[in-house]
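Close look at the chain arrangement
Each chain, written out:
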Amino acid sequence: MRLLVIVFSLLSCVAAQECNPRQFEYDSVVCVCDATHCDQPGIIDYPEEGSFTVVTSSRDGLRFNVETFPVSSERNPDAADVVLNREDMYQTMLGFGGAFSDSTGLNVVSLSSEVQEHFLRSYFAPEGIGYTFGRVPIAGADCSTRTYSYDDVEGDVDLVHWNLTYEDYDYKIPLILRAKELAPYPLKLFGTPWAPPAWMKTNGMFNGSGILLEEMYQPYANYILKFVEAYEAEGAEMWGLTPANEPLGGFIDWGINTCGWSSEAMRDWIKGNLGPTLEAAGYRYLKMMIHDFNRDSLPWYIEPILEDPDAAQYIDGTAVHWYEDRNTDPEVLDEIQFEYQDMFLLYTEACQGADVSGSAESVKLGSWQRAEDYVYDMMETINHFSTGWVDWNMALDTLGGPNWYNNFLDSPVIVNTEENEFYKQPMFYAIGHLSKFVAPGSNRMASLTTATDLQVVAFNVESGRALAVILNMAEEERNVTVRDGSEFYLNFAIPAKAIQTILY
């Protein structure tokens, strides 16, 4: 039985703007943003003591719908239980975000200045979904219009011709600088190379099967250092680095930009070249995250690196991608956390559409299933010690590009340049149910539910308040009671196929 809604004041939801829905061929709606309108959830505060707030997004079209209810002294006997333990605390959260890819930037700058501002505020401003992470490809990736590096002059081992490109100056840095101005917390930027200059590799190509030539170990370390220095000079200081994107790709004739790195080669390069080079230049503070690949190559890939003290001294965390999560047990993340307790785990890439053939279904405008997949994975990985979750492209076009390899993908925001508008997918709101509310410094608490079709993750926040995120995967509404060992109960209903954030 639903409780009567307490009317909440404008102070609890400042500057909220409603979704302008549009239905395409899939099972939910997108929200359309143009020069005159863009929905924003606003500033959603914690309620007064004795009340709790429920924020809901659903397949049926709710988007950050806010309701406030009184707490109860009795449990709803017809409800599924969600049990929280505020005495049982785990990892401290670092945050959530997405990548400033070439494709993202190209699509965003194709819009008018008013719509560009709507885009950036939607992701980074306090009234938006509050991103605090930004991944920055170091030179080109598959989500670029061409293959390139910062030094494509053959044999230039002294990097005399090293330079940033128009992609940095037009597509990445301007968006980063505005995001930094909007973000409520310091924006954590981390750089990731997909491939070194082709002439530094054994196959002389940006893609395909090839590894870094050993005589290029130091020139390539210098190459990475130059990126850090160049972005700092532009006001886009790095928080961290991953040494390579998907380092095993270069052993299997990968079609996109890649470089093969065995564990042993990565270990030797970090301890002999990259780590000392960054340290000598004053960048030892950068958070170095190894692996940056799917969890099916854990823990075996990272063990030779972390078990070598000369390499491990430069390592702060393990970066993981989501692409094999449904095929690999999440307990491998627990194993890593327990074995390397002074390291953090961070999910650094995810996208939908990568597993379809051709481009016809790469973008699914309005797909609730893709949103559900996203938030399920976020909740599962956080419950197994991930300190956050960083999405891949923040925006793509209606085909899922551009992409020089025609490796079309989906994204939480899809840009329609011809109409000067963009579409917020259900995935955008799925991410937002965590990114907007789980601030850096929050701590995950123990949680469980008695219902197999519900998923839950919960946090204590620095203010001393608490929140839980609940996913209902069922086709029917469920009554829920949240309890945390206190004398009070939170009784409410979660709609079919819905995500809720509970603030109390």
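Residues numbered from 1 in each chain as written. Predicted model: local features only at pLDDT ≥ 70, side-chain atom pairs only at ≥ 80, totals over all residues. Heavy atoms only, no water.

**So, the pattern of salt bridges**
Taken as a whole and judged by the stated rule, the model has 24 salt bridges. The salt bridge involving Arg 178 is made with Glu 181; its shortest N-O contact spans 2.8 Å. One end of the pair, Arg 178, and the other, Glu 181, are both in helix α3 (residues 166–182), three residues apart, so they sit about a helical turn from each other. You can call Arg 178 partly exposed: its relative accessible area is 24%. The exposure class assigned to Glu 181 is exposed, which follows from its relative accessible area of 58%. Beyond isolated ion pairs, a larger network of salt bridges with shared partners links Glu 117, Arg 121, Glu 127, Arg 178 and Glu 181. (Salt bridge = Lys/Arg side-chain N within 4 Å of Asp/Glu carboxyl O. Helix = DSSP H or I, 4+ residues; strand = E, 2+ residues; numbered from the N terminus. Buried < 20%, exposed > 50% of the residue type's maximum accessible area, 1.4 Å probe, protein only.)

**Considerations on the packing of aromatic side chains**
According to the stated counting rule, one finds 36 aromatic pairs in the structure shown. Their ring planes at 75 degrees and their centres at 5.2 Å tell us that Phe 133 and Trp 239 sit as a pair that is edge-to-face. Of the two residues, Phe 133 is situated in strand β9 (residues 133–138) and Trp 239 in the loop between α4 (217–233) and β11 (240–241); the sequence distance between them amounts to 106 residues. Comparing Phe 133 with Trp 239 shows no difference in burial state: the two are buried. Note on Phe 227 and Tyr 231: the rings are 4.6 Å apart at their centroids and 40 degrees apart in plane angle, and the pair reads as tilted. Residue Phe 227 and its partner Tyr 231 are both found in helix α4; the two are separated by four residues, about one turn of the helix. Here Tyr 231 falls in the buried class, since its relative accessible area comes to 0%. These aromatic residues form a ring-pair network of at least three members: Phe 64, Phe 100, Phe 119, Tyr 123, Phe 124, Tyr 131, Phe 422, Phe 428, Tyr 429 and Phe 437. The residue whose ring lies beneath Arg 146 is Tyr 148, and the NZ or CZ to ring-centre distance is 4.2 Å. Across from the ring centre of Phe 133, 5.5 Å away, lies the NZ or CZ of Lys 188, which sits over that ring. (Phe/Tyr/Trp six-rings, centres within 6.5 Å; stacked < 30°, edge-to-face > 60°. Lys NZ or Arg CZ within 6 Å of the ring centre and 35° of its normal.)

**Overview of the environment of Glu 232**
Its place among the elements puts Glu 232 in helix α4. Residue Glu 232 is classed as partly exposed on the basis of its relative accessible area of 32%. The contacts of Glu 232, once residues within four sequence positions are left out, are Glu 237, Tyr 283 and Tyr 285. (Contact = heavy atoms within 4.5 Å.)

**Regarding a nonpolar patch on the surface**
Taken together, the side chains of Ile 211, Phe 251 and Ile 252 present a nonpolar region at the surface, about 280 Å² in accessible area. Overall, the relative accessible area of 42% leaves Phe 251 in the partly exposed class. (Patch = residues over 30% accessible without salt bridge, like charges linked within 9 Å, V, L, I, M, F, W, Y side chains within 5 Å. Areas by Shrake-Rupley, 256 points an atom, 1.4 Å probe, with all protein chains shown as cover.)

**Re the confidence of the model for the chain**
Here the chain averages 95 in pLDDT, and 96% of its residues register 70 or above. This stretch, residues 1–14, has a pLDDT under 50; its non-local contacts, to residues over four places away or in other chains, come to 31 contacts. (pLDDT = per-residue confidence, 0-100.)

**Notes on α3**
Compared with an ideal rise of 1.5 Å per residue, which puts 17 residues at 24 Å, α3 spans 24 Å between its outermost C-alpha atoms and is within 8% of the ideal. Of all the bends in α3, the largest measures some 40 degrees and sits at Lys 172, one to four residues before the proline Pro 174. Of all the positions in α3, only Glu 167, Asp 168, Tyr 171, Lys 172, Ile 173, Leu 175, Ile 176, Ala 179 and Leu 182 are classed as buried. Check the buried side of α3 and you find it contacts α1 (102–109), α2 (113–124), β9, β10 (188–193) and α4. (Expected span 1.5 Å × (residues − 1). Bend = angle between axes of the 7 residues up to and from the residue.)

**Overview of the sheet that holds strand β22 (residues 478–483)**
As summarised here, the arrangement of the nine strands in space is β6-β5-β24-β21-β20-β19-β7-β22-β23, forming an open sheet in which the pairing is mixed. Every other strand in the sheet has two partners, leaving β6 (65–70) and β23 (490–494) as the edge strands with one partner each. Sheet twist, expressed as the mean angle between neighbouring strand axes with direction ignored, is 25 degrees. When strand β19 (residues 443–449) meets strand β20 (residues 454–460), the two strands line up antiparallel, connected through three bridges. The residue of β20 that forms the bridge with Asn 443 is Asn 460. (Pairing = 2+ DSSP bridges. Axes fitted to C-alpha atoms, helices over the stretch in contact; angles between N-to-C directions.)

**Here we look at the side chain of Gln 337**
Turning to its location among the elements, Gln 337 is positioned in helix α8 (residues 331–339). On the basis of relative accessible area, Gln 337 is assigned to the buried category, the value being 13%. When neighbours within four sequence positions are excluded, Gln 337 is seen to be in contact with Met 343, Leu 345 and Phe 385.

**Some details on the packing of α1 against α3**
Contact pair α1 / α3: the axes reach a minimum separation of 9 Å and the direction vectors enclose 85 degrees. One element, α1, and the other, α3, form an angle in the roughly perpendicular class. Here α1 contributes Asp 102, Thr 104, Gly 105, Leu 106, Val 108 and Val 109 to the contact with α3, which in turn contributes Glu 167, Asp 170, Tyr 171, Lys 172 and Leu 175. In terms of residue class, the contact of α1 with α3 is made up of five nonpolar, two polar and four charged. (Parallel < 35°, antiparallel > 145°, perpendicular 65-115°, else oblique. Nonpolar A, V, L, I, M, F, W, Y, C, P; charged D, E, K, R; others polar.)

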